[in-house]
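Results of the structural survey
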Amino acid sequence: MRTVFVLLGIFALALLAGLAFWRQLDHRADRAEMARLISLQPPQPPLFDAGMVRDLPEPAKRFFLYAIEPGTPLRTVAEIEMEGRFGMGTKADPGYMDMTARQVLAAPWGFVWAMETKGGPMPLGGSDSGKWTRFWLAGLVPVARIGGTADHRSSAFGRYVAEAVFWTPAAVLPGPGVRWEPLGPDSARVTVEHDGLRQAVDVTVDTDGKPTQVAFQRWSNANPEKAYRLQPFGGQLSNFQSFGGFRLPTHVEAGNMWGTDEYFPFFVVDVTGVRFPEPAD
């Protein structure tokens, strides 16, 4: 019997060591993908000038003139630090968890969002990207591992194009693969196409051009049937601050089923820092 317990103990230690090694491989993949995205930062970007947006619909022009100060180097890759709450539940029971996260955002090429919850008996950690979604309980139990499919790629593309609108506005300036059209006196739609993917995002601005909300149809399986389909996603933006010549929201609340009775903001964050790293970083 003693031998059996010893063997079981050895097996348990080997299992824990294997899971810990697997978790470290995920961390290594996060770092490698972040480095790849940072390497896509334009090394000598042009400087922003109002003439770049003079032919855009008036709300879009107002947005860019608010979001980017004249003479700002048009860096399109940002590293964002944030803290807030992440809800894994429903509107009736959001199940919010306090968390911190670091994100590298590089539309239209990709993003990595690496997060860790704070406190609680079973901390959750992992990352979301254009290539994968991987989360762990207590750093040792894998609870979500998806990616590598057309559905996941399309869903991720919707997220990081929408976030680019308000966190990396230089990435959605008019140009190849980026088109703006008017929707109303205070709203415009940007459509981004890249590598066979296409996403439209609607932006509402105030009289100064400050973006107050974004909304789009996201390819998602966040529904009771767990079936991928287009469904509304959106959020509200506030508390704008300047970072490197860009005026960006530092408070964001967003969630599925935007504009319906089912909406609740499962993503509620306050940005604590934004930098636009050089490719060598």
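Procedures and definitions
Residues numbered from 1 in each chain as written. Predicted model: local features only at pLDDT ≥ 70, side-chain atom pairs only at ≥ 80, totals over all residues. Heavy atoms only, no water. Core = buried A, V, L, I, M, F, W, Y, C linked by side-chain atoms within 4.5 Å. Buried < 20%, exposed > 50% of the residue type's maximum accessible area, 1.4 Å probe, protein only. Helix = DSSP H or I, 4+ residues; strand = E, 2+ residues; numbered from the N terminus. Contact = heavy atoms within 4.5 Å. Pairing = 2+ DSSP bridges. 1 Å grid on protein atoms, 1.4 Å probe; cavity = no way out; pocket = protein on both sides within 12 Å on 5 of 7 lines; lining within 4 Å. Points joined across faces, edges and corners; volume = space filled by probe spheres on them. Phe/Tyr/Trp six-rings, centres within 6.5 Å; stacked < 30°, edge-to-face > 60°.

Focus: the nonpolar core
- F64, W113, W167, W180 and F267 are the most contacted members of the largest nonpolar core, which has 62 residues in total.
- Here this core takes nine residues from helix α3 (residues 150-167), the largest share from any one element.
- W167 has contacts with A78, I80, M82, Q103, L105, L248, P249, V252, V269, V271 and F276, leaving out every residue within four places of it along the chain.
- Ranked by size, the runner-up nonpolar core spans seven residues in total, among them M34, L37, I38 and V112.

Considerations on the environment of K131
- Following the sequence through the fold, K131 ends up in the loop between β4 (124-129) and β5 (132-137).
- Sequence separation between K131 and G148 is 17 residues, and the spatial gap between their C-alpha atoms is 5.9 Å.
- Apart from residues lying up to four places away in sequence, K131 is in contact with E33, R36, G147, G148 and H152.

Considering the side chain of E163
- Along the chain, the position of E163 falls in helix α3.
- If we skip the residues at most four places from it in the chain, E163 touches Q103, L105, T168 and F267.

A closer look at the pairing of strand β13 (residues 267-275)
- With eight bridges joining them, strand β1 (residues 78-87) and β13 adopt antiparallel strand pairing. Across the sheet, I80 pairs through a bridge with V274, a residue of β13.

A few points about the pairing of strand β8 (residues 187-194)
- Sheet topology places strand β7 (residues 178-184) next to β8; six bridges connect them, and they run antiparallel. Among the inter-strand pairings, E181 is bridged to a residue of β8, identified as R189.
- The hairpin turn running from β7 into β8, its antiparallel successor, is two residues long.
- Note that β8 and strand β9 (residues 197-205) share eight bridges and pair antiparallel. Residue pairing across strands places T191 opposite A200, the latter belonging to β9.
- The turn linking β8 back onto β9 is made up of two residues, and D195 within it adopts a positive phi angle of 50 degrees.

Topic: the layout of surface pockets
- When its volume is computed, the largest pocket comes out at roughly 1300 Å³.
- Looking at the largest pocket, it is lined by 47 residues, and the ones nearest its centre are F86, N221, A222, N256 and F266.
- Secondary-structure elements contributing two or more residues to the lining of the largest pocket are β1, β4, β5, β6 (141-147), α3, β10 (211-220), β11 (229-243) and β12 (246-256).
- Sorting elements by how many residues they give to the lining of the largest pocket places α3 first, with seven residues.

Regarding the packing of aromatic side chains
- What the rule picks out here adds up to 16 aromatic pairs.
- Seen from their ring centres, F86 and W113 are 5.6 Å apart, and the 45 degrees between their planes marks the pair as tilted. A residue pair is termed long-range when its members are at least 10 positions apart, and F86 in strand β1 and W113 in strand β3 (residues 110-117) qualify at 27 residues. Both residues of the pair, F86 and W113, belong to the buried class.
- Summarising the aromatic geometry, the rings of F86 and F266 are spaced 5.8 Å apart at their centres and angled 80 degrees between planes, so their arrangement reads as edge-to-face. With F86 in strand β1 and F266 in the loop between β12 and β13, the pair connects residues that are 180 residues apart, well separated along the chain.
- Here the aromatic cluster, defined as three or more aromatic residues joined through ring pairs, consists of F86, W113, F216, F233, F266 and F267.

Remarks on helix α2 (residues 58-67)
- Within α2, seven of the 10 residues are buried, which leaves it mostly tucked inside the rest of the structure.
- P59, A60, R62, F63, F64, Y66 and A67 are the residues of α2 that are buried.

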